[in-house]
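Fold and contact review
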Amino acid sequence: MDFKFGVAPLVILLYLHSTLRTTSSEVTAVDPKFSMPINNVTVPIGREAILTCVVQDLGSYKVAWLRVDTQTILTIQNHVITKNHRVAIVWAERRTWQLKIKDIKESDRGWYMCQINTDPMKSQMGYLDVVVPPDILDYPTSTDMVVREGSNVTLKCAATGSPTPTITWRREGGEPITLPGGSEVLSVEGSTFTISRVNRLHMGAYLCIASNGVPPTVSKRIMLIIHFPPMIWVQNQLVGALEGQKITLECQSEAYPKSINYWTREKGEIVPQGGKFEPVLLDNAYKVVMKLSIKSVSQADFGSYKCVAKNSLGDTDGTIKLYAIPPHTISSGESQVARSRGKMLRKDGNGLLEANTIVDGVVVDGDGKRRDIALMGNNDVTYSSSASIKTLLHILAIASFTVTWRYVAQL
């Protein structure tokens, strides 16, 4: 067992453990003193700590190391008194006493005293600080979460360590985090992190990172999954094509859990895979691009097509009308199929939210009637190079004639 000191002066204990006895005349012959203070020591857990005590003119006196908070005698001179096998004493030139503690534990943190058995006794103290790298606790730290879109979410992260760790939240992919006020940051500090009215853009992996300056820094990955019903976007509601051409219809859908996506015709029959129809799904997380390619369009292929998306939370669809372009309406130099660059159609379970104004080279009025497009000063309609050159030459010819006529009139 370890020796402890109480009310009785420690000098008595030191004399009991000494092997050499000194006379009072020998004791008064010298006056030992400490050459330097004991430096405080900071050591990571598991390493070795060394506390050094340097004494000058010790003479026949003895030096002891003690643990202050537990009142335990650790060593006297070059003898280890404690039964703690991790403690050792290194004695050099009768003036330096090094207290070594290996495999440091958190419980070793505290004050240590170096003492000389003079009367009155002389002593000085040094502090041993044990630092501990951060460790994230399984509880109450959040695990992967599944929530409905529009709800509030609070992520929690708890960590231990010494010094107390700092908690930082980041998105795994480096995406910005939107704060309640609308501002965006790359990281948020705090043991809790709240997201108000989550939406699909918040879905993904979040990292709880704990650090306190003691390596290694640790992190935990928390996956936030947002559930929401399907939504469909249709960029081109009307697509024109000539008979015999290959045409591709396209919709974009978003849903989670992942949706079932397919195409139907006007009467609800599902468009089959194979033959002249080639449905393709391009999947990226909760987003799906639906494409339907029709080889060699025939008269029977014209009409309405629906792109449908369904999951456990609901279903929706978008409609694309494929119409026939008469052969004589397209000159040999123009593109065979006009591509619309108008507004986007957005549709969910509640109906249309926004519709195209320009589709496939024509303007669609509110009643669905088409008007031919004259030359426009934007990029809403694309033209082939030969058609553009013809139009440009025609404009230049008119402009040249106008200028000449005005010049002659002035004469």
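This text gives an overview of the structure that appears in the document. Each chain has its residues counted from 1, following the order in which its sequence is written. Note on the predicted model: pLDDT of at least 70 is required for a residue's local features to be given, and 80 or more for side-chain atom pairs to be given and counted; whole-chain, interface and lining totals, by contrast, use all residues. Heavy atoms from the whole structure form the basis of all side-chain values; hydrogens and water molecules are not counted.

What about unusual backbone geometry?
Going from S162 to P163, the amide bond is cis rather than trans, its omega being 0°. With respect to the element layout, P163 can be found in the loop between β14 (159–162) and β15 (166–171). Positive phi, normally seen in glycine, also occurs at D57, with a value near 55°. To qualify as a helix, a DSSP run of H or I must reach at least 4 residues; to qualify as a strand, a run of E must reach at least 2; elements of each kind are numbered from the N terminus. Relative to the helices and strands, D57 resides in the loop between β4 (49–56) and β5 (63–67). The rule is simple: take the accessible area with a 1.4 Å probe, protein chains only, and divide by the maximum for that residue type; under 20% is buried, over 50% is exposed, in between is partly exposed. Residue D57 is classed as partly exposed on the basis of its relative accessible area, which comes to 43%. One non-glycine residue, Q71, adopts positive backbone phi at about 55°. Looking at the element boundaries, Q71 is found in the loop between β5 and β6 (72–76). We classify Q71 as partly exposed; its relative accessible area is 38%.

A short note on the sheet that holds strand β9 (residues 96–101)
In this description, strands pair whenever DSSP reports at least two bridges between them. What the four strands build is an open sheet, ordered β2-β4-β9-β8; its pairing is antiparallel. Each edge of the open sheet is held by one strand with a lone partner, namely β2 (33–34) and β8 (87–92). Across six bridges, the pairing between β8 and β9 is antiparallel. Each residue of the ladder has a partner; that of V87, found in β9, is I101.

What about the sheet that holds strand β24 (residues 260–264)?
Here we have four strands laid out as an open sheet, ordered β22-β28-β27-β24, and mixed in their pairing. Bordering the open sheet on either side are β22 (238–241) and β24, each of which pairs with just one other strand. Neighbour to neighbour, the strand axes of the sheet diverge by 25° on average, direction disregarded. Here, axes are lines fitted to C-alpha atoms. For helices the fit covers the stretch in contact, and angles between N-to-C directions go from 0 to 180 degrees.

Structural notes on the nonpolar core
Nonpolar side chains in soluble globular proteins generally cluster together in the buried interior. Nonpolar cores are built from buried Ala, Val, Leu, Ile, Met, Phe, Trp, Tyr and Cys residues. Side-chain atoms within 4.5 Å join them into one set. Core analysis: the biggest nonpolar cluster contains 24 residues, and V55, W65, L99, Y112 and L128 have the highest contact counts within it. Breaking this core down by element, the ones donating at least two residues are β3 (41–44), β4, β5, β8, β9, β10 (110–116) and β11 (122–136). The element best represented in this core is β4, accounting for four residues. In terms of nonpolar packing, the next biggest core, distinct from the first, is built from 22 residues, V147, V188, I195 and M203 among them.

Comments concerning the pattern of salt bridges
Each reported salt bridge corresponds to a side-chain nitrogen of Lys or Arg within 4 Å of a carboxyl oxygen of Asp or Glu. With the rule as written, the count across this model stands at 13 salt bridges. One salt bridge connects R67 with D69, and the closest N-O pair in it is separated by 2.7 Å. Of the residues examined, R67 reaches a relative accessible area of 11% and is grouped as buried. Put simply, R171 and E175 hold a salt bridge, and the shortest N to O gap is 3.9 Å. Overall, R171 belongs to the buried group, its relative accessible area being 9%. For E175, a relative accessible area of 36% puts it in the partly exposed group. Three or more residues joined by partner-sharing salt bridges are found here, namely E106, R109 and D129.

Describing the state of the cysteines
Joining two cysteines, a disulfide is a covalent bond between their sulfur atoms. Only a pair of cysteine sulfur atoms within 2.5 Å qualifies as a disulfide here. Counted under the stated rule, the structure contains three disulfides. Across a sulfur-sulfur distance of 2.0 Å, C53 and C114 are joined as a disulfide pair. A torsion of -75° about the S-S bond marks the disulfide between C53 and C114 as left-handed. One end of the pair, C53, is in strand β4; the other, C114, is in strand β10, and 61 residues separate them in sequence. In this structure C114 comes out as buried when scored by relative accessible area, which is 0%. C157 shares a disulfide with C208; S-S distance 1.6 Å. Here the S-S torsion is close to -50°, and the disulfide linking C157 with C208 is therefore left-handed. Remark: C208 occurs in strand β20 (residues 204–211) and C157 occurs in the loop between β13 (153–156) and β14; sequence separation between them is 51 residues. Residue classification places C157 among the buried positions, given a relative accessible area of 4%. Residue classification places C208 among the buried positions, given a relative accessible area of 0%.

What to know about the side chain of R265
Mapped onto the elements of the fold, R265 is located in the loop between β24 and β25 (277–284). Positive charge is attributed to Lys and Arg, negative charge to Asp and Glu, and no charge count is given to His or to the chain ends. We note that R265 is buried and unpaired, the nearest opposite charge coming from E266 at a distance of 4.6 Å. Polar side-chain contacts of R265 include one of 3.5 Å to the backbone oxygen of F302. Side-chain polar atoms of R265 contact the side chain of Y305, separated by 3.4 Å. Contacts described as polar in this section are N or O atom pairs within 3.5 Å, which, within protein, must combine one atom able to donate a hydrogen with one able to accept it, while residues neighboring in sequence count only if both atoms come from side chains.

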